[in-house]
Amino acid sequence: MSGIQTKNGKAFEYACLKALQDVLSSGQLVEVDEDAAYRTAKSSYDCLPSEIKDKMYEGAFSAVCKLRAMEPMLDSPGNSGALFLKIQTDDNGKRGDVRDVLCIRNMAEHWEMGISCKHNHHAVKHSRLSSTIDFGYEWIGVHCSENYFSKVQPIFDDLKNKQRNAKIEGNVLTWKDIQNKQESIYIPVLQAFLDELKHLSEIVENAPAKFTSYLLGTKDFYKVIMDEKKETTRIEAVNINGSLNKKSGNVNSRINIPRSKMPTKFLEMGFKRNSKTTIEVVLDEGWSFSMRIHSGDGPLKPSLKFDVNLIACPSNNYAQVEFWHADKTPMTGT
């Protein structure tokens, strides 16, 4: 993502935490971890024009009001003490935990709920490919074959050489300087990726579920996506492990969040029609992903990034679009 997108994303993380704090502080103690991640997010939010801040807060507020109906532990803690709010660092995402904001109760049976905050986009994961990145091990738990590396290494090594030669000459080579990127780089790298994914799917037990879990995140969470133009917020539940929607004592949630059905088969994978940069992976149980590879227009790097979007999910997955509330009095929703 661009620098502006990154800052807006951080700002929306703070808006979500602030809305949680404001809505949930009535009748209970809410504590916030004001660490470096919190200060970074708050600074990004504080630097925005008032109009943009207001819209971010409205988007976050609408989501929090709906989350109260899904998660009784937010409001009905019993004797479990304070509700603890925290913003996670990006390093957690690299390890598979894509949650940005955590709600935590430290009690006999530890409880936490996480939110992935999205500002005007739906992207799932941003993973890289290079001559040394073993996506098989990172994604599915089994190392990529030598055949895969023999296909991609010459391509990325050529980029390294171009980068090195330009530096020797005192120049900075950018991706705009690379001719025929799609034919010489994108297509062969994507084809090698597809071939290896097919190979891994044949030898790895439960590969479809592991693949899906990696792209979505290893921890259950709610995805909160604000749409500034439509003035709506979409709330999606990713409940792979069944940890969401827990009751608090005898208090049940007013909205049921079913456990997500995980795939057992790869049904189809290949290039998107008329595209040289995007592949699509279709699995059973209704899962489908679009994976676009790109380089950006900045300085040349010997790696490529995936922009992954979830384009279909099981019909029982919870998703709800909320219009922003004009009234900021905390609401419980139904």
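Here's a quick rundown of the structure. (Residues numbered from 1 in each chain as written. Predicted model: local features only at pLDDT ≥ 70, side-chain atom pairs only at ≥ 80, totals over all residues. Heavy atoms only, no water.)

Overview of the pairing of strand S8 (residues 266–271)
Argument step 1. Here S8 pairs with strand S9 (residues 278–283) via five bridges, running antiparallel. The residue bridging Glu 268 from the neighbouring strand is Val 282, located in S9.
Argument step 2. Between S8 and S9, which pair antiparallel in sequence order, lie six residues; one of them, Asn 274, sits at a positive phi of approximately 65°. (Pairing = 2+ DSSP bridges. Helix = DSSP H or I, 4+ residues; strand = E, 2+ residues; numbered from the N terminus.)

A look at helix H2 (residues 36–46)
Argument step 1. Burial in H2 covers these residues: Ala 37, Tyr 38, Ala 41, Ser 44 and Tyr 45. Angular distribution of buried residues about the axis of H2 spans 130°; they occupy a single face of the element.
Argument step 2. On its buried face, H2 is in contact with helix H1 (3–24), strand S1 (30–32), helix H3 (50–70) and strand S2 (83–87). (Buried < 20%, exposed > 50% of the residue type's maximum accessible area, 1.4 Å probe, protein only. Arc of directions from axis to C-beta. Contact = heavy atoms within 4.5 Å.)

Some remarks on the packing of helix H6 (residues 146–168) against helix H7 (residues 181–203)
Argument step 1. For the pair H6 and H7, interaxial distance at closest approach is 9 Å and the crossing angle is 155°. Between H6 and H7, the interaxial angle falls into the category roughly antiparallel. H7 is crossed by H6, and the crossing has left-handed handedness. When H6 is examined against H7, the residues Tyr 148, Lys 151, Val 152, Ile 155, Phe 156 and Leu 159 are found in contact with a partner set consisting of Ser 184, Ile 185, Pro 188, Val 189, Ala 192, Phe 193, Asp 195 and Glu 196.
Argument step 2. For the contact of H6 with H7, a count of residues per class yields 10 nonpolar, one polar and three charged. (Axes fitted to C-alpha atoms, helices over the stretch in contact; angles between N-to-C directions. Parallel < 35°, antiparallel > 145°, perpendicular 65-115°, else oblique. Left-handed = near helix turned anticlockwise from the far one by under 90°. Nonpolar A, V, L, I, M, F, W, Y, C, P; charged D, E, K, R; others polar.)

None of the figures reported here should be taken as evidence of function without further support.
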